[in-house]
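Results of the structural survey
One letter stands for each residue in the lines below.
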Number of protein chains: 2
Amino acid sequence: MISLTQKAKYALKALVFLAKEYENGPVLITKVAESEGISRKFLELILLELKNNGVLQSKKGRGGGYWLARPPEDIYLGHIIRIFEGALAPLPCASKRYYRRCEECADEATCEVRAVMLEVKSATLRVLDTTSLRDTLHLGKPLALVDA
Amino acid sequence: MISLTQKAKYALKALVFLAKEYENGPVLITKVAESEGISRKFLELILLELKNNGVLQSKKGRGGGYWLARPPEDIYLGHIIRIFEGALAPLPCASKRYYRRCEECADEATCEVRAVMLEVKSATLRVLDTTSLRDTLHLGKPLALVDA
DNA sequence: CATAAATCTATAGAAATGCTAGACAAAAGG
DNA sequence: CCTTTTGTCTAGCATTTCTATAGATTTATG
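Now for a look at the structure at hand. (Residues numbered from 1 in each chain as written. Chains lettered and ligands numbered in written order. Predicted model: local features only at pLDDT ≥ 70, side-chain atom pairs only at ≥ 80, totals over all residues. Heavy atoms only, no water.)

1. Points about the protein's contact with DNA strand C
Stated formally: In these notes, residues near a molecule or strand are those with any non-hydrogen atom within 4 Å of it. Polar contacts here mean pairs of N or O atoms no more than 3.5 Å apart (in protein, one a potential hydrogen donor and the other a potential acceptor; neighbouring residues in sequence count only if both atoms are side-chain atoms). Strands are runs of DSSP state E lasting at least two residues, helices are runs of H or I lasting at least four, and both sets are numbered from the N terminus onward.
Taken together, 26 residues form the shell around DNA strand C, and within it Lys51, Ser58 and Tyr66 of chain A together with Lys41 and Arg62 of chain B come nearest. Of everything in DNA strand C that lies within 4 Å of the protein, sugar and phosphate atoms constitute 72%. In the model, a phosphate oxygen of DNA strand C is placed 2.3 Å from a nitrogen or oxygen of the Ser58 of chain A side chain. Backbone polar atom of Gln6 of chain B to a phosphate oxygen of DNA strand C: 3.1 Å apart, as the coordinates give it. Among the elements of the structure, helix 3 (40-52), strand 1 (56-59) and strand 2 (65-68) of chain A together with helix 1 (6-20) and helix 3 (40-52) of chain B are those that each provide at least two residues to the surface near DNA strand C. At 5 residues, helix 3 of chain A tops the list of elements feeding residues into the surface near DNA strand C.

2. Observations concerning helix 3 of chain B
All names here are of chain B. Spelled out, the test is: Every helix has an expected span of 1.5 Å times one less than the residues it contains. Partly exposed residues are those whose accessible area sits between 20% and 50% of the maximum for their type, while under 20% is buried and over 50% is exposed, using a 1.4 Å probe and protein chains only. The directions from the helix axis to the C-beta atoms form the arc being described.
The first and last C-alpha atoms of helix 3 sit 18 Å apart over 13 residues, in line with the 18 Å expected at 1.5 Å per residue. The set of residues buried in helix 3 consists of Leu43, Ile46, Leu47 and Leu50. All buried residues of helix 3 project into a common sector of 95° when viewed along the axis, lining one side. Among the exposed residues of helix 3, those pointing more than 90 degrees away from its buried face are Lys41 and Asn52.

3. Focus on the environment of Asn24 of chain A
All names here are of chain A. Residue position: Asn24 is located in the loop between helix 1 (6-20) and helix 2 (29-36). A relative accessible area of 54% places Asn24 in the exposed class. Each C-alpha atom, one on Asn24 and one on Trp67, is 8.9 Å from the other, the two residues being 43 residues apart in sequence.

Printed below as a string of structure tokens:
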């Protein structure tokens, strides 16, 4: 478990980059790719998927490029990761949006493993669904509240 | 992300079962398999791996079977999951025991994505490294402290 | 029209995952 | 001993997922 795919990682890196450039209009895919060290062609797929999910907007031709569809403070990491990974819960039976029953499970309501995974999920969401792209830009003292 | 493999899930289920049987001596693999709805052959691999990692003990021949090598309160879920999944952090660059650098990353120290994933990891560990097999047996009000 | 840029489709290699089959080893009972 | 019971180990395979790559297409600008 508990590993982000390259795709999701690249998506996050690209979005952080675009968040920094938010005021500057369209950004070329090539620029993002070079700055973040990502294969240009692979990044295309990723930005496209983000666009189809309403996270990015784009314009073709000269002066074109990609930009955030909403301000960085309105884009949460949980949303992004769900686009590429689906559920954030460690088990489908612990997920709300992507719920799926475990075939072998006799009684979900008393399943100890599920109970713990609900806690893990809850802890994960408490970070990912409260951290926006803008929040990630404050390094130094980032997310100190989570450890408080 | 953040999805347990079947193997890890089965391991946890088997261990919870063995925790309940802790006082009763060796338990047959077949009994665990049937009770938890797991393929017997697949479960063999899993219990073996747990044994090789010192979590279980076993005895061959008549009256044989598997049992927990330590009392349920001394076996933490984080330990189990690491056996099957490796790192608990969402990215290798955020893991202590399984650290690996991201090839494309220009500067890990200022990487915003890594910073957030350190938080996610920390939140995950706070659950998995403080919950023992014994803790999982108290359903009803399980782990209430985590949400407090 | 020429050029720059995003868009879309298809596909393919590599790795991980989930599982099965079958031979082997050891312990206990008779 | 010999048989039965039970865990141990190795190999392999089918499927899926991941990570790209290639190439053709569409749209906008000047």
